[in-house]
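Residues per chain are reported as follows:
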Amino acid sequence: MMNQWKLKDIVLLSMLGVVFGLIYLAFFGVGNVLYGLLTPVGLGPLSYELIFGIWFIVSIIAAYIIRKPGVAFASETIAALTEVLVGSTAGPTLILAGMVQGLGAELAFAATKWQDYRLRILLLSGVTAAMVSFPYHYFMSGFAAHASWLVITMFITRMISGALIAGLLGKYIADQLAATGVLSGYPLGKERQQREEQRSA
């Protein structure tokens, strides 16, 4: 897997992992605010699920740009490692959570043998990241203590968040980066350049 990567791939996915690791850490604060707002109406556990897609987003952005096996998993793992090094109170278990989430995101790309990076696959990647990570958090975070209807609602919410925030927003962010020309050496940038050449021909 690694022998398919070039140095520039490793540098970019590492940079993305670090940047989004910091963003991930900041979004715990957003989750806390939502928790405070939703707890009085008995929906506190839904707070993080509403924005959970943000914690998958780097895997989809990196995979969409670089388009090689293992990129989604590696970038998500680096983001989780960054959170821990910067000082997340979650500790080392957060790295395992990041690996689980990255693996979930990677599955959608693996299903196409890393050949299809259209929007539907990016949306699916956000959903598979949610589907794989939810059982992990179910046991690690004690979701069994919640009512069944709430757990089901949490699961569905996480999948929707994964599709929209990680998949749709992730694609938008990567496309905007590609539009600046800084990704010209990567598959996404080359694809964009080819489309522009075809339109101007």
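Residues numbered from 1 in each chain as written. Predicted model: local features only at pLDDT ≥ 70, side-chain atom pairs only at ≥ 80, totals over all residues. Heavy atoms only, no water.

Colleague: Run through the overall build of the protein, naming residues and quoting values.
Modeller: What the protein contains, in helices and strands, is eight helices and zero strands. Here the C-alpha atoms of the protein give a radius of gyration of 17 Å, agreeing with the 17 Å that 2.2 N^0.38 yields for 201 residues. Principal-axis analysis of the C-alpha atoms gives the protein an extent of 60 × 35 × 30 Å. Buried residues in the protein amount to 47% of all 201 residues. Surface accessibility of the protein: about 9900 Å² in total, with carbon and sulfur atoms responsible for 70%. Side-chain charges of the protein comprise 13 positive and 10 negative groups, with the mean position of each set lying 7 Å from the other. (Helix = DSSP H or I, 4+ residues; strand = E, 2+ residues; numbered from the N terminus. Rg over C-alpha atoms; globule rule 2.2 N^0.38 Å. Buried < 20%, exposed > 50% of the residue type's maximum accessible area, 1.4 Å probe, protein only. Areas by Shrake-Rupley, 256 points an atom, 1.4 Å probe, with all protein chains shown as cover. Lys, Arg positive; Asp, Glu negative; His and termini not counted. Charge placed at Lys NZ, Arg CZ, Asp CG, Glu CD.)

Colleague: Quick one: what's the story with the nonpolar core, residue by residue and with numbers?
Modeller: The biggest cluster of nonpolar side chains holds 41 residues, and the ones touching the most others in it are L16 and I65. Of all the elements in the fold, those that place two or more residues in this core are α1 (7–38), α3 (57–66), α4 (71–86), α5 (93–111), α6 (119–140) and α7 (148–179). Sort the elements by how many residues they give to this core and α3 lands first, with nine residues. Here L16 is in contact with V58, I61, A62 and I65, once residues within four sequence places are set aside. By size, the runner-up hydrophobic cluster in this structure holds seven residues, among which are L38, F134, L150 and V151. (Core = buried A, V, L, I, M, F, W, Y, C linked by side-chain atoms within 4.5 Å. Contact = heavy atoms within 4.5 Å.)

Colleague: So what's going on with α5? Which residues, and what values?
Modeller: For α5, which comprises 19 residues, the first-to-last C-alpha distance of 28 Å matches the rise-based estimate of 27 Å (1.5 Å per residue) to within 8%. Among the residues of α5, those classed as buried are L94, A97, G98, V100, Q101, G102, G104, A105, E106, A108 and F109. Those residues of α5 hidden inside the fold are in contact with α3, α4 and α6. (Expected span 1.5 Å × (residues − 1).)

Colleague: Please give an account of the packing of aromatic side chains that cites residues and values.
Modeller: Two aromatic rings, taken as a pair, are described by how far apart their centres are and by the angle between their planes. Taken as a whole and assessed by the stated rule, the structure comprises 10 aromatic pairs. By the ring-pair criterion, three or more aromatic residues cluster together here, those being F28, Y48, F52, W55 and F56. Across the ring face of Y186, the terminal group of K8 is positioned such that the distance to the ring centre comes to 5.3 Å. The ring of F52 has R158 sitting right over it, with the charged end atom 3.6 Å from the ring centre. (Phe/Tyr/Trp six-rings, centres within 6.5 Å; stacked < 30°, edge-to-face > 60°. Lys NZ or Arg CZ within 6 Å of the ring centre and 35° of its normal.)

Colleague: With reference to specific residues and values, describe unusual backbone geometry.
Modeller: Look at K113: it is not a glycine, yet its phi comes out positive at around 60°. Here K113 is to be found in the loop between α5 and α6. Positioned with a positive phi, W114 is a non-glycine residue whose angle comes to about 60°. With respect to the helices, strands and loops of the structure, W114 is situated in the loop between α5 and α6. You can call W114 partly exposed: its relative accessible area is 25%.

Colleague: Outline α3, supporting the account with residue identities and numerical values.
Modeller: Taking burial as the measure, the 10 residues of α3 include 10 buried ones, the bulk of the element. For α3, every residue scored as buried is listed here: I57, V58, S59, I60, I61, A62, A63, Y64, I65 and I66. Close packing links the buried residues of α3 with α1, α4, α5, α6, α7 and α8 (187–200). Immediately downstream of α3, the backbone of R67 shows phi near 60°, a positive value.

Colleague: Report on a nonpolar patch on the surface, specifying residues and quantitative values.
Modeller: A cluster of nonpolar residues, L119, I152, I156, I160, L164 and L168, forms a patch on the protein surface that exposes about 520 Å² of accessible area. Looking at the nonpolar patch, the element that brings in the most residues is α7, giving five residues. Within the secondary structure layout, L164 lies in helix α7. For L164, a relative accessible area of 48% translates into the label partly exposed. (Patch = residues over 30% accessible without salt bridge, like charges linked within 9 Å, V, L, I, M, F, W, Y side chains within 5 Å. Salt bridge = Lys/Arg side-chain N within 4 Å of Asp/Glu carboxyl O.)

Colleague: Give a detailed account of the pattern of salt bridges, specifying residues and quantitative values.
Modeller: Following the criterion strictly, the structure yields eight salt bridges and no others. A salt bridge links D116 to R120; the nearest nitrogen and oxygen atoms lie 4.0 Å apart. Here D116 falls in the buried class, since its relative accessible area comes to 13%. In this structure, R192 and E196 form a salt bridge, with 3.4 Å as the shortest nitrogen-oxygen distance. You can see R192 and its partner E196 sitting in helix α8, four residues apart, about one turn around the helix. Classification of E196 as partly exposed rests on a relative accessible area of 37%. What emerges from the salt-bridge pattern is a single network uniting R67, E191 and R195.

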